[in-house]
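Structural overview
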Amino acid sequence: MARVFPSNRHSSSLSPSAPPDVPRPLRKPGPPAFRSRGTLRECFHYAPSGECILVGRDTAADLADIRRSAWMLGGAGCAVLLLGLAGGWWVGARALRPIADISATAARIANGDLTQRIRTTDTESELGRLAHDLNDTFARLQASFARQAQFTADASHELRTPVSVVLTQTQSALAREHPAGEYRESLAACQRAAQRMRSLIECLLTLARLDSADTPAATKPCELDRLSREVVELLLPLANEQGVQLEVNLSPAHCLANADQLAQVVNNLLSNAIHYNRPGGTVRVAVYCEPTTAVLTVSDTGLGIPPEDIPHIFERFYRADKARSGAQGHAGLGLAITKAIVEAHGGSIEVASEPGQGSVFTVRLPSAQHF
Ligand code: ADP
């Protein structure tokens, strides 16, 4: 709509769409001015002659449109917000499900069921990898518990035999009067059983100490060659008794070690080499130095070890030759202790064996100057 107010204030020109009751605006010189009346928006301009031209329009329809648009935008915003919340909840629940699985599995394991594993098909995501690593840890834990249980069962089994001997001997001695010679025999059998128990308990204690310490105590520079010679001299009577010849080839080799434990390593290997030898056989003990290691080899011309037993001979209570081991009171702990001592000193032990030909045990320890 448009309206022209002439300067004389008595007449006016109206456009066809202009309402008749448009009040004349207050005079304002200068550029066009604006005013609002209800839903009407008007712009007017006073000419220098005093005439006023006013144009305007009703914005009710526009405002209704804007309100409608605002409602639509608000509705769409709410819908997007709700969708976002629902989507976020769904994605969050999906992402957290593995954590819930992990905590449920951990709770079942804590309750004693070590066979439980976290169900996971996803191997790529961080959580998938975490679940995989935890499953590995649970598997190692289960294996470790199984080994502990087996170890306890084996130890009890080994102790049961000498205890039975003591009980049987004492029962029969107490049952009635015996000649003095029979009492002596009974006491001698009890003493042998007690010695067997003592050596078994000492082995178990040694293993327990080695298990609980990361590094050997009281290490000092040791001459492996001198220490080996001392052990050879100690075991010479046993070798003679078994008809086994001892040959030594000892070059100077130094290492930083607990001397008692190192002597036990040489003793275990040497006594096995004598024990599992044949009459008239030979045991060779060699010590020499390599650039960074002190090396001990103990080789024999005995029974050898079947290939299927080789991976197990360093396990606790494993006996490849059951008949010979059990009969002589060998409990199958010697090589386990030997390996534990060598590894605690940062070294390694390996075996090469040919059934019927003999075995060679090689121990490598870091040389003293390389600590
Ligand atoms: P054990 O106390 O029974 O000798 P070890 O741990 O010292 O136990 O040895 C484990 C097994 O390895 C033995 O039972 C034996 O069968 C085998 N073994 C060890 N040393 C030798 C060897 N020098 N020759 C043949 N077999 C051996």
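Heads up: the structure comes first, above all this text.
Remember, predicted model here, so these are calculated numbers, not experimental data.

So, about the packing of helix α2 (residues 126-175) against helix α3 (residues 180-212). Orientation of α2 relative to α3, taken along the N-to-C sense of each, is 165 degrees, at an axis distance of 9 Å. Of the possible angle classes, the one that applies to α2 and α3 is roughly antiparallel. Taken as a pair, α2 and α3 cross one another with a handedness that is left-handed. Counted together, F151, A155, E158, L159, P162, V163, V165, V166, Q169, T170 and A173 of α2 and Y183, S186, A189, C190, A193, R196, M197, L200, I201, L204 and L207 of α3 form the full contact between these two elements. The residue makeup of the contact of α2 with α3, split by class, is 17 nonpolar, three polar and two charged.

Within the largest apolar cluster, 47 residues are counted, with the highest numbers of intra-cluster contacts made by L262, L269, L270, V283, L296, F361 and V363. Considering every element that reaches this core, the biggest residue donor is helix α5 (residues 259-275), with seven residues. Two domains each donate at least three residues to this core, and these are domain 2 (126-212) and domain 3 (220-370). Beyond its immediate chain neighbours, meaning those up to four positions away, L270 contacts V231, V232, L235, L246, V283, V285 and V298. M1, Y46, C52 and L54 belong to the second-largest nonpolar core, a separate cluster that totals nine residues.

Thresholds, definitions, all that
- All residue numbers refer to position in the chain's written sequence, counted from 1.
- Only residues with pLDDT of at least 70 get local features here, since the model is predicted, and only at 80 or more are side-chain atom pairs given and counted; chain-wide, interface and lining totals rely on the full set of residues.
- Excluding hydrogens and water, the side-chain values take into account all heavy atoms of the structure.
- Note on geometry: axes are lines fitted to C-alpha atoms, helical ones only across the stretch in contact, with angles between N-to-C directions running from 0 to 180 degrees.
- In this description a helix means any DSSP run of H or I spanning at least four residues, a strand means any run of E spanning at least two, and both kinds are numbered starting from the N terminus.
- Angular relationships are summarised with four words: roughly parallel below 35 degrees, roughly antiparallel beyond 145, roughly perpendicular across 65 to 115, and oblique for the angles in between.
- Two helices crossing with the near one rotated counterclockwise from the far one by less than a right angle form a left-handed crossing, whereas a clockwise rotation gives a right-handed crossing.
- For this analysis, residues touch if any pair of their heavy atoms sits within 4.5 Å.
- Classes in brief: Ala, Val, Leu, Ile, Met, Phe, Trp, Tyr, Cys and Pro nonpolar; Asp, Glu, Lys and Arg charged; the others, Gly included, polar.
- We call a set of buried residues a nonpolar core when its members are Ala, Val, Leu, Ile, Met, Phe, Trp, Tyr or Cys and they connect through side-chain atoms within 4.5 Å of each other.
- Classification of residues uses two cut-offs on accessible area relative to the type maximum, computed with a 1.4 Å probe and protein chains only: under 20% is buried, over 50% is exposed, and between them is partly exposed.
- Bear in mind that the domain bounds are from an automatic or database domain assignment.

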